[in-house]
Protein chains: 2
Amino acid sequence: MGKGILPQPLIRLIEQFERLPGIGRKSAQKLAFYVLNLSAEQAQAFATAITDAQQNIHNCRICQNLTDGEICAVCDDPARDKSTICVVEDTRYVVAIERTKEYNGLYHVLHGLISPMDGIGPDEIYIKELLERVKQGGIKEIIVATNANVEGEATAMYISRLLKPLGVKVSRLAYGIPVGGDLEYADEVTLYRAIEGRNEL
Amino acid sequence: MGKGILPQPLIRLIEQFERLPGIGRKSAQKLAFYVLNLSAEQAQAFATAITDAQQNIHNCRICQNLTDGEICAVCDDPARDKSTICVVEDTRYVVAIERTKEYNGLYHVLHGLISPMDGIGPDEIYIKELLERVKQGGIKEIIVATNANVEGEATAMYISRLLKPLGVKVSRLAYGIPVGGDLEYADEVTLYRAIEGRNEL
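Cut-offs applied
- Here, residues in each chain are numbered from 1, in the same order as that chain's written sequence.
- Both sets of labels track the order of writing: A upward for chains, 1 upward for ligands.
- Under the rules for a predicted model, residues below a pLDDT of 70 receive no local features and side-chain atom pairs below 80 are neither given nor counted, while totals for whole chains, interfaces and linings still include all residues.
- Only hydrogens and water are removed before side-chain values are computed, so all heavy atoms of the structure are retained for them.
- Only DSSP runs of H or I reaching four residues or more are called helices, and only runs of E reaching two or more are called strands; each is numbered from the N terminus.
- Exposed residues in this analysis have more than 50% of their type's maximum accessible area, buried residues have under 20%, and partly exposed residues fall in between, with area computed by a 1.4 Å probe over protein chains only.
- In what follows, residue pairs with any heavy atoms lying within 4.5 Å of each other are defined as contacts.
- All accessible areas in this document rest on Shrake-Rupley with a 1.4 Å probe, and a residue is counted as covered only by the protein chains that are shown.
- Here the copies were fitted onto each other by least squares, based on C-alpha atoms from residues at pLDDT of at least 70 in both.
- UniProt positions are given in the numbering used here, feature names are shortened, and annotations may be inferred rather than shown by experiment.
- When a carboxyl oxygen of Asp or Glu lies within 4 Å of a side-chain nitrogen of Lys or Arg, that pair is called a salt bridge.

Helices and strands together make up the secondary structure of chain A, namely 7 helices and 7 strands. Looking at chain A as a whole, 53% of its 201 residues qualify as buried. Of all intrachain contacts in chain A linking residues separated by at least 6 positions in sequence, the fraction that spans at least 24 positions is 54%. Counting only carbon and sulfur atoms, one obtains 50% of the accessible surface of chain A, whose full area is about 9200 Å².

Take the side chain of Gln64 of chain A next. By secondary structure assignment, the location of Gln64 of chain A is in the loop between strand 1 (58-59) and strand 2 (66-67). When neighbours within four sequence positions are excluded, Gln64 of chain A is seen to be in contact with Asn59, His108, Val109, His111, Tyr126 and Glu129 of chain A.

All right, on to unusual backbone geometry then. When glycine is set aside, most residues are seen to have a negative phi, and most peptide bonds are trans. Within the chain, Lys101 of chain A stands out as a residue other than glycine whose phi angle is a positive 60°. A relative accessible area of 64% places Lys101 of chain A in the exposed class.

Turning our attention to the relation of the copies chain B and chain A. Mapping chain B onto chain A is achieved by rotating through 180° and translating by 0.0 Å along the same axis, at an RMSD of 0.1 Å. Taken together, these values place the two copies in the relation of a two-fold axis. Minimal C-alpha separation from the rotation axis in chain B is found for Ala47 of chain B, amounting to 2.1 Å. Take the interface residues of chain B: 100% of them recur as interface residues in chain A, which is what a same-surface contact looks like.

Another point: the UniProt feature "zinc finger region: C4-type" (unreviewed entry) in chain A. UniProt records the feature "zinc finger region: C4-type" (unreviewed entry) at residues 60-75 of chain A, using the numbering of this structure. Overall, residues 60-75 of chain A shows 0% helix and 12% strand. The separation of its end C-alpha atoms is 8 Å.

Another aspect to go through is the pattern of salt bridges. Applying the stated criterion to the full structure yields 10 salt bridges over all chains. We note a salt bridge from Arg12 of chain A to Asp52 of chain B, for which the minimum N-O separation is 3.4 Å. Residue Arg12 of chain A is located in helix 1 (residues 8-18), and its partner Asp52 of chain B is located in helix 3 (residues 40-56); the two belong to separate chains. Take Asp52 of chain B: its relative accessible area is 22%, and that puts it in the partly exposed class.

Following this line, the structure appears as structure tokens:
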């Protein structure tokens, strides 16, 4: 409504922006007008970044972290401690934990959390792949770094019950992170304390 | 910082989103992850919408409104009253005023407002083109529909002094719109009242 007066290519662009998470109609319009003011080169660079990322980014063969190669930068780093795996919901949390500069182990990215309410069970996320990694041996500790909400707790409990019988230590981030809060928004110090004070499950 | 762990194509995409107005680092990351989950077709449609809009949208030859043709949908509409021109800051306000369904005249889009503080004088916006339109004759009234802030007032006064000597009526939106507020966010009724109660300058 009210968009009818705008030319079609602009409407299509506004609609594309409107689909993005957290972007409403007014914001989409503002972003579209911004694009109109770009140079042809800038617009092309933006468009290429979108198709390029969509085409070339996939999951690391080992840890399911995002990468444009076969294995990700963390798994590929010989200096990392291969006996510890930090399990996270998605790649945003890898970025957040790397920012603390205090963790030197590997990761495992679940790409989701167990959520019976949303019909997401253990098979819908990358838990099977984590189990395989542990079975291959050499892993001493699994740090479950999911958010302190219902889904995060459920996922941590499930992983703990699954992996403890294999003789691996399973720990959970300390409740330094605010309960109900989002791990991604924790500052470096809080996140560091949470890693240091992790508790065995 | 902290992005170093992400693959290059993803970093490039995040940086593109970060340049958008009102999008910070966290939002840019969220939007980039959203793009990764698109299908190849969806990503291509998004990318094409960007280059397409940038390439094909330009100013209407008559009123400087955005169009993908030579003249815009309003100027091209034979049912519009060609004797009245509503002067707006940019195309967003054309959309807002069209939403009221109460205005049936033409527009003139300035693509900015006079702002001595920012070094924007009358020559930096499309005032010269408005003057030419009035000089060509047939215009009875100019409604200046700029925001009720310093730049909006300055621009309205400038246009009034420029065009009144030509024998055209110059009016201003009534102060139904909240002073200091943004015209784009006014509801339909307020905007309609403001058009109805417009005052001659």
